Amino acid sequence: MPGKRVQFDPETWNALDLLARDQMKDFQELADEAFRDLLHKHGRPPSLKEALRRSAGVTATVHPFPAEKKPRKGTRKP
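Quantities reported herein were computed from a predicted structural model and do not represent experimental measurements.

Turning our attention to unusual backbone geometry. At M24, a position not held by glycine, the phi torsion is positive, near 55°. Looking at where M24 falls in the secondary structure, it is placed in the loop between α1 (10-23) and α2 (27-41).

For α1, with 14 residues, the first-to-last C-alpha span of 20 Å sits near the 20 Å given by 1.5 Å per residue. Positive backbone phi, at 55°, marks M24, one or two positions downstream of α1.

This next bit is on the pattern of salt bridges. If you walk through the whole model with that rule in mind, you get two salt bridges. R21 serves as the salt-bridge partner of D17, at 3.1 Å between the closest nitrogen and oxygen. Placement of both D17 and R21 in helix α1 is noted, with a separation of four residues, approximately one turn of the helix. Residue classification places D17 among the partly exposed residues on the basis of a relative accessible area of 28%. A relative accessible area of 60% places R21 in the exposed class. Across the pair E33 and K25 runs a salt bridge whose closest N-O atoms are separated by 2.8 Å.

Calculation rules
Residues numbered from 1 in each chain as written. Predicted model: local features only at pLDDT ≥ 70, side-chain atom pairs only at ≥ 80, totals over all residues. Heavy atoms only, no water. Helix = DSSP H or I, 4+ residues; strand = E, 2+ residues; numbered from the N terminus. Expected span 1.5 Å × (residues − 1). Salt bridge = Lys/Arg side-chain N within 4 Å of Asp/Glu carboxyl O. Buried < 20%, exposed > 50% of the residue type's maximum accessible area, 1.4 Å probe, protein only.

The structure is reproduced here in structure tokens:
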């Protein structure tokens, strides 16, 4: 996973640490949530799957693959 180093002033770090403890989350979970919210705020898809759905448009339909037929027991093909 790519990583970046960020710096916080002591007051902000203490507030984030307290929030993490209150919600029983670690810093990574808080960061993931914050960046997901930021992407959502700016209308950016958080994943490739979501980006592909958006690029297909509203009128795109999903076509399921047909189920494979299993041969019946006791019947043999010549």
